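Remarks on the overall topology
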Amino acid sequence: MSIALLKLKMPDHEGVQKQLDQLAANAQRGASLVKQVLSFGRGVDVQHVLMQPKHIGREIEQIVADTFPKNITFELSFSHDLWPVTGDPTQFHQVLLNLCVNARDAMPGGGKLTLHLENVVLDDSSGAPRPGPYVRTDVTDTGTGIPPENRERIFEPFFTTKDLGRGTGLGLSTSRAIAKSHGGFITVDSTVGHGTTFHVFLPADPGPAPTLPELNPTHHDLPRGQNELILIVDDEEMIREIARSALEKFGYRTLLAQNGTEAVALYALHRTAIAVVITDMAMPVMDGPATILALRTLNPAVKIIGSSGQGAGSLLLANAPENAGLTYFIPKPYTAETLLRTLSTVLGRDSRPPLAP
């Protein structure tokens, strides 16, 4: 949310807006990685969505440009009609980054790293889990290559030929597990002294490409309030203040409460004026569920948006928010765009479902 506010305040001198977009993308990627670790640790399946692989390729291109040695040249190419795939963007990002890091390490003296994505249709003779349309991603380097005696072992957990401290031996085994969980697979071609190509196959959806929202919409594209009063309930002062700044910037009025007890008292005073309550679910004194129960006692029709970053609990609330007495639920951390679109939907001004945070 802070980045969205900075974008409104900062003039676009020397690419400031592009840098803020990069910062937002990296923050979201970090948040997604944490959610992924929590989900795996608690045994919760990661939610798959329809994604466009070339967008992930562009993210990898930026990381390589910013962090890889300058003696490694990088080339990204893809079919202009590239099919979307259903999967977890963070996991696919992890696969490509693992393969690119391995390629970098295989070229200590420099070389060329190529990332190419294209549509393919595999038949029964291909060895694919099932025949049909796939997106194939090729990660190619001009490095040392993989000796035949190691080629059969590279996907084993903890197997590595890198020096101590340079690798864990988990990158390729994790990448293969991710591809398999998406219904895909990975193959490798390598010649000692001439380089290596990893082929990542993911099942594709060759139907009409979905219309995807702008990744970084301007503030003119975001829904605005109509002077409605919003009660923000959160025990973290920073979250309350940033949410207030974002909402007031986009045409709302706000009241702040640091726990459920304050929220109920404020709602009792301003119940006829408050349009929506946004509440954290984990708070001291009076937590979210108790607050919701008290608010609904005062007004059974109160509109409540719940929010939490509590891993598996967030997933359950997102799937069935009404079971907790919520009108809608958004997992933390969320963007200003997610908050504004959710409010617009709850207030009945936008029939589209809000974007995922």
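Residues numbered from 1 in each chain as written. Predicted model: local features only at pLDDT ≥ 70, side-chain atom pairs only at ≥ 80, totals over all residues. Heavy atoms only, no water.

What follows deals with the environment of Asp-234. Looking at the secondary structure, you find Asp-234 in the loop between strand 8 (229-233) and helix 7 (237-249). Taking C-alpha positions, Asp-234 is 7.1 Å from Met-283, a pair spaced 49 residues apart along the chain. The residues touching Asp-234, leaving out its near neighbours within four places in the chain, are Ile-239, Arg-240, Ala-257, Gln-258, Asp-280, Met-283 and Lys-332. A distance of 2.9 Å separates the side chain of Asp-234 from the backbone nitrogen of Glu-236, its partner in a polar contact. (Helix = DSSP H or I, 4+ residues; strand = E, 2+ residues; numbered from the N terminus. Contact = heavy atoms within 4.5 Å. Polar contact = N/O pair within 3.5 Å; in protein donor to acceptor, adjacent residues only side chain to side chain.)

This part takes up the packing of aromatic side chains. Within the structure shown, the criterion is met by three aromatic pairs. Pairing Tyr-134 with Phe-185 gives two aromatic rings, centres 6.1 Å apart and planes at 75 degrees, and the pair type is edge-to-face. Here Tyr-134, found in strand 5 (residues 132-141), pairs with Phe-185, found in strand 6 (residues 185-191); they are 51 residues apart in sequence, far enough to count as distant. Owing to a relative accessible area of 15%, Phe-185 belongs among the buried residues under this scheme. Relative to Phe-201, the ring of Tyr-134 has its centre 6.5 Å away and its plane inclined at 80 degrees; by these criteria the two rings are edge-to-face. With Tyr-134 in strand 5 and Phe-201 in strand 7 (residues 195-203), this pair connects stretches of sequence that are 67 residues apart. Judged on exposure class, the residue Tyr-134 and its partner Phe-201 are both buried. Within the aromatic cluster, the residues linked to one another by ring pairs are Tyr-134, Phe-185 and Phe-201. In this structure, Arg-104 is placed above the aromatic ring of Phe-68, and the distance from its NZ or CZ to the ring centre is 5.3 Å. (Phe/Tyr/Trp six-rings, centres within 6.5 Å; stacked < 30°, edge-to-face > 60°. Buried < 20%, exposed > 50% of the residue type's maximum accessible area, 1.4 Å probe, protein only. Lys NZ or Arg CZ within 6 Å of the ring centre and 35° of its normal.)

Pairing is parallel in the open sheet, where five strands are placed in the order 9-8-10-11-12. On the outer flanks of this sheet lie strand 9 (253-257) and strand 12 (328-331), each paired with one strand and no other. Across the sheet, the mean angle separating the axes of adjacent strands is 20 degrees when strand polarity is ignored. In the sheet, strand 8 pairs with strand 9 via five bridges, with the strands oriented parallel. Note that in strand 9 the partner of Val-233 across the bridge is Ala-257. Relative to strand 10 (residues 274-280), helix 9 (residues 288-298) is tilted by about 160 degrees, and along the sheet it contacts strand 10 and strand 11 (304-308). (Pairing = 2+ DSSP bridges. Axes fitted to C-alpha atoms, helices over the stretch in contact; angles between N-to-C directions.)

Bringing the confidence of the model for the protein into the picture now. When the pLDDT values of the protein are averaged, the result is 82; 81% of them are 70 or greater. Note that residues 210-218 has pLDDT below 50 and, in this model, nine contacts with residues that lie over four places away or in other chains. (pLDDT = per-residue confidence, 0-100.)

Quick look at the environment of Pro-223 now. Of note, Pro-223 is situated in the loop between strand 7 and strand 8. For Pro-223 and Leu-339, which are 116 residues apart along the polypeptide, the C-alpha to C-alpha distance reads 10.0 Å. If we skip the residues at most four places from it in the chain, Pro-223 touches Phe-250, Leu-340, Arg-341 and Ser-344.

Considering the arrangement of structural elements, one finds Thr-196 in strand 7. Engagement of the side chain of Thr-196 in a polar contact is seen with the side chain of Ser-190, the distance being 2.7 Å. Ignoring sequence-local partners within four residues, the contact set of Thr-196 consists of Val-139, Thr-140, Asp-141, Gly-145, Ile-146, Val-188, Asp-189 and Ser-190.

The buried count for helix 11 (residues 336-346) comes to eleven of eleven residues, which makes it a mostly enclosed element. Buried within helix 11 we find Ala-336, Glu-337, Thr-338, Leu-339, Leu-340, Arg-341, Thr-342, Leu-343, Ser-344, Thr-345 and Val-346. Elements that come into contact with the buried residues of helix 11 comprise helix 1 (2-9), strand 8, helix 7, strand 10, strand 11 and strand 12. Following helix 11 by one or two positions, Gly-348 has its phi on the positive side, about 80 degrees.

Within this structure, the stated rule accounts for nine salt bridges. Between Lys-7 and Asp-21 there is a salt bridge, with its nearest N and O atoms 2.6 Å apart. Of this pair, Lys-7 sits in helix 1 while Asp-21 sits in helix 2 (residues 16-41), placing them 14 residues apart in sequence. Here Arg-104 and Asp-105 are joined by a salt bridge, their closest N and O atoms 3.0 Å apart. (Salt bridge = Lys/Arg side-chain N within 4 Å of Asp/Glu carboxyl O.)

What follows deals with unusual backbone geometry. The peptide bond linking Lys-332 to Pro-333 adopts the cis configuration, its omega dihedral lying at -5 degrees. Along the chain, the position of Pro-333 falls in the loop between strand 12 and helix 11. At Asn-227, a position not held by glycine, the phi torsion is positive, near 70 degrees. Looking at the element boundaries, Asn-227 is found in the loop between strand 7 and strand 8. In this structure, Val-285 takes a positive phi of about 70 degrees despite not being glycine.

This paragraph deals with the sheet that holds strand 2 (residues 72-78). Read from one edge to the other, the open sheet built from five strands follows the order 2-4-5-7-6, with strand pairing classed as mixed. Single-partner strands in this sheet number two, and they are strand 2 and strand 6. Averaged over neighbouring strand pairs, the angle between their axes works out to 15 degrees when direction is ignored. Sheet topology places strand 4 (residues 111-122) next to strand 5; ten bridges connect them, and they run antiparallel.

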